[in-house]
Amino acid sequence: FVNGSYEAQKEAGPADYVFHLITLPWKLFFATIPPPEFMGGWLCFCVSLMYIGVVTAAVGDIAAALGCVLGIEDEITAITLVALGTSLPDTFASKTAAQQDPYADNSIGNITGSNSVNVFLGLGLPWTIGSIYWLVNFETEEEAWLSHRFKGKTYGASTALGGMGYAD
């Protein structure tokens, strides 16, 4: 049903039907996640993580294709378009929480929580995985840099700072 129920569907406008049709494949895709009652919730958790990986890969490919069509480098596309796409939903969720809560406590929690997750997991986890990879595969930093042929490019925080006007 559009808007969730038969009664709500009677009040739906044309835009509701359009958005329902656009989101229907995603709704069907995510409906295949098993309920958390199975296996103590672990099956739901693991399948959800796999789906997040699939959606992340799709977003990365779409962003790379859009950057290619517009002539934007992958690093700039990642810093601007993908970052904007992950931050806007948090902004709207915080706005909605602030409007519904008389003291706006939930919106403050959402802002600090989502930014903490973005910083600690979004930067910390890849950094840790990369550090372990480099430690296992290379004996010296010079060997690692030369084997990857970075040609003076740096990635991560220095790219973000370079995008803000600092020397790269």
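None of these values were measured; they are calculated from a predicted model. (Residues numbered from 1 in each chain as written. Predicted model: local features only at pLDDT ≥ 70, side-chain atom pairs only at ≥ 80, totals over all residues. Heavy atoms only, no water.)

### A look at the overall build of the protein
1) Next: The helix and strand inventory of the protein stands at 7 helices and 0 strands.
2) Next: Taken across its 168 residues, the protein has 12% of its residues classed as buried.
3) Next: The contacts in the protein between residues at least 6 apart in sequence include a share of 19% that link residues at least 24 apart.
4) Next: Taken as a whole, the protein presents about 13,100 Å² of accessible surface, with 69% of it coming from carbon and sulfur. (Helix = DSSP H or I, 4+ residues; strand = E, 2+ residues; numbered from the N terminus. Buried < 20%, exposed > 50% of the residue type's maximum accessible area, 1.4 Å probe, protein only. Contact = heavy atoms within 4.5 Å. Areas by Shrake-Rupley, 256 points an atom, 1.4 Å probe, with all protein chains shown as cover.)

### A short note on the packing of helix α2 (residues 14-30) against helix α3 (residues 42-70)
1) Next: Packing of α2 against α3 leaves a shortest axis separation of 11 Å and a crossing angle of 150°. By the angle between their axes, α2 is roughly antiparallel relative to α3. Along its contact with α2, which presents W26, F29 and F30, the element α3 presents Y51, V54 and V55.
2) Next: A breakdown of the residues in the contact of α2 with α3 according to their chemical character gives 6 nonpolar, no polar and no charged. (Axes fitted to C-alpha atoms, helices over the stretch in contact; angles between N-to-C directions. Parallel < 35°, antiparallel > 145°, perpendicular 65-115°, else oblique. Nonpolar A, V, L, I, M, F, W, Y, C, P; charged D, E, K, R; others polar.)

### Digging into the environment of H20
1) Next: For H20, the position within the fold is in helix α2.
2) Next: Placed 19 residues apart in sequence, H20 and F1 show a C-alpha to C-alpha distance of 8.7 Å.
3) Next: H20 has contacts with F1, V2 and K27, leaving out every residue within four places of it along the chain.

### Description of the packing of aromatic side chains
Given two aromatic rings, their pairing is described by the distance between the two centres and the angle made by the two planes.
1) Next: Tallying each qualifying case throughout the model produces 6 aromatic pairs.
2) Next: Grouped by ring-pair contacts, the aromatic residues W26, F29, F30 and Y51 constitute a single cluster. (Phe/Tyr/Trp six-rings, centres within 6.5 Å; stacked < 30°, edge-to-face > 60°.)

### Comments concerning unusual backbone geometry
1) Next: Positive phi outside glycine occurs at M39, with the angle close to 55°.
2) Next: By the element assignment, M39 lies in the loop between α2 and α3.
3) Next: Given the relative accessible area of 61%, M39 is considered exposed.

### Some remarks on the confidence of the model for the protein
1) Next: A residue-level look at the protein finds 82% of positions with pLDDT of 70 or above and a mean pLDDT of 77.
2) Next: Put simply, helix α7 (residues 157-163) is where the protein has its lowest mean pLDDT, 42, and α2 is where it has its highest, 88.
3) Next: A low-confidence stretch, residues 154-168 stays under pLDDT 50, and its non-local contacts, those more than four residues away or across chains, total 11 contacts. (pLDDT = per-residue confidence, 0-100.)

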